[in-house]
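Results of the structural survey
What follows is each chain in one-letter form.
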Amino acid sequence: MIGSETAVAFDALREADLHIDRLYLGGTNGTAGDDALARLLPVGNQGGFRPNGSVRKKTVRLVALYTTGAEPDWPDHLDPETGIFTYYGDNREPGSELHHTKRSGNLLLRDVFEATHGLPEERAVVPPFLCFEKAAPGRSVRFRGLLAPGTETMTSDEDLSAIWRHTKGSRFQNYRAFFTVLDVGIVQRSWLASVLAGEPTLGPGCPEPWREWVEGRVYRPLVAPSTLTIRTKEEQLPDDPVGREMLTMIRAHFEGRETDFEECAVAIWRMMAPATGKCTVTPPSRDGGRDAVGDYLLGPGADRVAVEFGLEAKCYRETNSIGVKEMSRLISRIRHRQFGVFVTLSYFAKQVYEEVREDGHPIVMICGRDVVDSLRQKGYSDPERLRKWLDEGFPRKRHIDSVVDLGRSVAVGDNILDGSRSQAASSQV
């Protein structure tokens, strides 16, 4: 036991079943032999791709995908609400062609995703993928699920795509792959042993969701609907030096012209919500409590439904939280059948977060960590690329900054939860 959590001891790993989110403990000798994953399955003890068998000889029987979550340039991500796992290939530095990597991970991705969109007999030879993430203490791992390549809604052009990156002037490609975590709570050791012995994956002990995927490319994802989420300050800010430096760069770019950050906030929102349609930044003197207004588009391309939203943006330092006053300004301007978007480089105070969520206000709260995560997913984690994105997208305008109207007032409630009473409150941009 680790605290109140059930964990599997290092000596028991070779016979253990795989339980969703269970912790599998590493050894304590201080060597590479402590690696829990290599003891749990007959795979290597290094790297993200850990196949059993040869990729180039096409003898892979099983694949362990290992993620540390500590590579900001390659942000592997599991969305528990949809069961979609995003994983990046192993060509992560310049110098190699897309498929010529040391561990042949990208070659494996190419082959299995091609088979995914083929016939059932082609999917029948796709090896099971098992997802593990780094955990404490030491070289322990946590099992995150049985993966099937692809998703229910993505085409062959979408679920595996080669993306460009560049480092120090050198361009190279890597894969971004989407997997589905299947609705399998326990992967039995007996099935794993059978697969490793060379038996078909549809043999005895085969999980039913895996059988459905092989036979009909049916995806039955393991989904976990979100409970009420109140993120702490620490959860809303980057926990690594590179992420914090990214926010510092953005703030420095807009220093002395903070209202120009509104256009940047709209661009960040578009990264997160690509179905956003027209979006107009409002003049500071006539923004009506919203820095931008726009439409979010739903439905088929030939018959879209536009849902209006208002966006508020604050280029705050990490020490300056979004409080009741700032949130009230946006909420008081959101009308029926509209929603709000609040983008900040800092964080939302606990009281604000709780009141917005508990009362069900339709407000999307985008904090500093969200901004960093979105930029990283688009490849802007490198300082050179981020600076270029800022300079080209939001150049310093050669004009006198607009004078802030310190006397401008908006109607807000005494409490952001109760709009029945209002009072005038000064608002400084």
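The model shown is predicted, which means the values in this text are computed figures rather than measured ones.

What the chain contains, in helices and strands, is twelve helices and 19 strands. Taking all 429 residues of the chain together, the buried fraction comes to 47%. Across the chain, contacts joining residues at least 24 apart in sequence account for 62% of those joining residues at least 6 apart. For the chain, the accessible surface area stands at approximately 21,000 Å², while carbon and sulfur atoms represent 50% of it.

Bringing the sheet that holds strand β15 (residues 305-314) into the picture now. Here five strands make up an open sheet; going across it, the order is β13-β14-β15-β16-β17 and the pairing mixed. Of all strands in the sheet, those with a lone pairing partner are β13 (276-281) and β17 (363-366), marking the two edges. Within this sheet the neighbouring strands show an average axis-to-axis angle of 20°, counted without direction. Contacts from helix α8 (residues 261-272) reach β13, β14 (292-298), β15, β16 (338-344) and β17 within the one sheet, and its direction differs from that of β13 by about 170°.

As a further point, take the nonpolar core. Core analysis: the biggest nonpolar cluster contains 56 residues, and L41, F132 and F179 have the highest contact counts within it. A per-element tally of this core places helix α2 (residues 105-116) first, with six residues. The residues touching F132, leaving out its near neighbours within four places in the chain, are L18, L37, L40, L41, A64, L65, Y66, T67, V141, R142 and F143. Within the second largest apolar cluster, 32 residues are counted, among which are C279, L311, Y380 and L386.

Look at helix α9 (residues 324-331) against helix α10 (residues 350-358): their axes get within 9 Å of each other, and the N-to-C directions meet at 30°. Taken together, the axes of α9 and α10 lie roughly parallel to each other. Counting all contacts with α9, which are made through V324, M327 and I331, the residues of α10 involved are Q351, V352 and V356. Within the contact of α9 with α10, the residues separate by chemical class into five nonpolar, one polar and no charged.

Below, the discussion takes up the pairing of β16. Along β16, seven of the seven residues are buried, which leaves the element largely enclosed by surrounding structure. Side-chain alternation along β16 places Q338, G340, F342 and T344 on one buried face and F339, V341 and V343 on a second face that is also buried. Note that β15 and β16 share seven bridges and pair parallel. Across the sheet, G310 pairs through a bridge with G340, a residue of β16. At this point the chain moves from β15, through α9, to the parallel β16, and the crossover so formed is right-handed.

Turning to the packing of aromatic side chains, a few remarks are in order. Under the definition given, this model contains 19 aromatic pairs. Geometrically, the ring pair formed by F132 and F143 is tilted, given 5.3 Å between the ring centres and 50° between the ring planes. Within this pair, whereas F132 is found in strand β8 (residues 129-135), its partner F143 is found in strand β9 (residues 140-149), the two being separated by eleven residues in sequence. Consider the rings of F348 and Y353, whose centres lie 6.3 Å apart with planes at 80°: the pair is edge-to-face. Neither residue differs from the other here; F348 and Y353 are each classed as buried. Put simply, the rings of F254, F261, Y380, W389 and F394 pair up and form one aromatic cluster. Across the ring face of F10, the terminal group of R39 is positioned such that the distance to the ring centre comes to 4.4 Å. The ring of Y66 has R50 sitting right over it, with the charged end atom 4.6 Å from the ring centre.

Thresholds applied
Within every chain, residues take consecutive numbers counted from 1 along the sequence as written. The predicted nature of this model means local features are confined to residues of pLDDT at least 70 and side-chain atom pairs, given and counted, to a pLDDT of 80 or more, with totals for whole chains, interfaces and linings taken over all residues. The side-chain figures draw on all heavy atoms in the structure; neither hydrogens nor water molecules are used. By definition, any uninterrupted DSSP run of H or I lasting at least four residues is a helix, any uninterrupted run of E lasting at least two residues is a strand, and each is numbered from the N terminus. Any residue under 20% of the maximum accessible area for its type is buried, any over 50% is exposed, and the rest in between are partly exposed; the area is computed with a 1.4 Å probe on protein chains only. Any pair of residues with heavy atoms lying within 4.5 Å of one another is described as a contacting pair. Using the Shrake-Rupley algorithm and a 1.4 Å probe, accessible areas are obtained, with residue cover drawn only from the displayed protein chains. Note on pairing: DSSP must find at least two bridges between two strands before they are called paired. For every element, the axis is a line fit to its C-alpha atoms; helices are fit only across the contacting stretch, and the angle between N-to-C directions ranges from 0 to 180 degrees. Throughout, nonpolar core names a set of buried Ala, Val, Leu, Ile, Met, Phe, Trp, Tyr and Cys residues whose side chains join them through atoms within 4.5 Å. Put simply, angles under 35 degrees are roughly parallel, angles over 145 are roughly antiparallel, angles from 65 to 115 are roughly perpendicular, and the rest are oblique. Each residue is assigned to one of three groups, with Ala, Val, Leu, Ile, Met, Phe, Trp, Tyr, Cys and Pro labelled nonpolar, Asp, Glu, Lys and Arg labelled charged, and all others, Gly among them, labelled polar. Every crossover in which the path from the first strand over the helix to the second runs clockwise, viewed with the strands pointing away from the viewer, is termed right-handed. Paired rings are identified among Phe, Tyr and Trp, the last through its six-membered ring, by centres lying within 6.5 Å, and are further divided according to the angle between planes into stacked (under 30 degrees), edge-to-face (over 60) and tilted (the rest). Charge-over-ring placement is defined geometrically: NZ (Lys) or CZ (Arg) within 6 Å of the ring centre, and within 35 degrees of the ring normal.

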